[in-house]
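# Overview (structure and organization)
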Amino acid sequence: MKLIKKILLALLILFVVAQFFGPEKNEGDYASIESFLIETKPSPEVKSILKESCFDCHSNVTRYPWYNNITPVNYWLADHIDHGKGHFNVSKWNKYKVKKKDHKLEELIEMVEAKEMPLNSYTWTHSEANLTDDQIKTVIDWAKGVRATYAYELSNN
């Protein structure tokens, strides 16, 4: 019994000390999203959907929940965000070539249409990010419209 108490005490101390360490936060400026919004011209409804369901993991601006202050949860969230930004980062939109922008929107359409985005692990704690069928259609229609402008640009080059 004494061994179990010692192990539990050591784990508690380790947990407390770990709280003083954490990953770098993804706390950029909303200005980094502006070029994406200006170029893709989402309607107010689409812009709201993107803000609630996409930008936390797919931009340089994350609204962190309270539990991000708990290690090791904060490391899991940081990894999740880094992974999301690696696939699609609207804060770097102006650095993408037109062909890549078109491809990213094609992937967005596929993932949203298949209801693979936003991820279940995100919507469990962000219920406002759950998309209705109407919202899915709205986002897909917007993305297809933007892709049409990129297709026009690509065909004229």
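Not measured: the values here are computed from a predicted model. (Residues numbered from 1 in each chain as written. Predicted model: local features only at pLDDT ≥ 70, side-chain atom pairs only at ≥ 80, totals over all residues. Heavy atoms only, no water.)

A few words on the packing of helix α2 (residues 31–40) against helix α8 (residues 133–155). Working note: a packed helix pair is described by the angle between its axes plus the distance between those axes. α8 packs onto α2 with a crossing angle of 80° between their chain directions and a minimal axis gap of 10 Å. Our classification of the angle between α2 and α8 gives roughly perpendicular. For the pair α2 and α8, the contacting residues are Phe-36, Glu-39 and Thr-40 in the first and Trp-142, Val-146 and Tyr-150 in the second. Broken down by class, the residue content of the contact of α2 with α8 amounts to four nonpolar, one polar and one charged. (Axes fitted to C-alpha atoms, helices over the stretch in contact; angles between N-to-C directions. Helix = DSSP H or I, 4+ residues; strand = E, 2+ residues; numbered from the N terminus. Parallel < 35°, antiparallel > 145°, perpendicular 65-115°, else oblique. Contact = heavy atoms within 4.5 Å. Nonpolar A, V, L, I, M, F, W, Y, C, P; charged D, E, K, R; others polar.)

Now for the confidence of the model for the chain. Mean pLDDT over the chain works out to 85, with 96% of the residues at or above the 70 mark. Averaged pLDDT values for the elements of the chain fall to 76 in helix α1 (residues 2–18) and rise to 94 in helix α6 (residues 98–113). (pLDDT = per-residue confidence, 0-100.)

Under the definition given, this model contains five aromatic pairs. A ring pair is formed by Phe-36 and Trp-93, whose centres lie 5.0 Å apart and whose planes are at 85°; its orientation type is edge-to-face. On the criterion of sequence distance, the pair formed by Phe-36 in helix α2 and Trp-93 in the loop between α5 (73–87) and α6 is long-range, its members being 57 residues apart. The exposure class of Trp-93 is buried, given its relative accessible area of 0%. Aromatic ring contacts, followed pair by pair, group Phe-36, Phe-55, Phe-88, Trp-93, Tyr-96 and Trp-142 into a single cluster. (Phe/Tyr/Trp six-rings, centres within 6.5 Å; stacked < 30°, edge-to-face > 60°. Buried < 20%, exposed > 50% of the residue type's maximum accessible area, 1.4 Å probe, protein only.)

The next subject is unusual backbone geometry. The peptide bond linking Thr-71 to Pro-72 adopts the cis configuration, its omega dihedral lying at 20°. Summarising the element assignment, Pro-72 is placed in the loop between α4 (55–58) and α5. The omega angle of the peptide bond from Met-117 to Pro-118 is -10°, so this bond is cis rather than trans. Not every positive phi belongs to a glycine, and Lys-41 is a case in point at roughly 45°. As for its placement among the helices and strands, Lys-41 is situated in the loop between α2 and α3 (44–53). Judged by relative accessible area, which is 64%, Lys-41 ranks as exposed.

Take the side chain of His-80 next. Mapped onto the fold, His-80 is located in helix α5. Overall, His-80 belongs to the buried group, its relative accessible area being 18%. Once residues lying within four places of it in the same chain are set aside, the contact partners of His-80 are Cys-57, Leu-119 and Ser-121.

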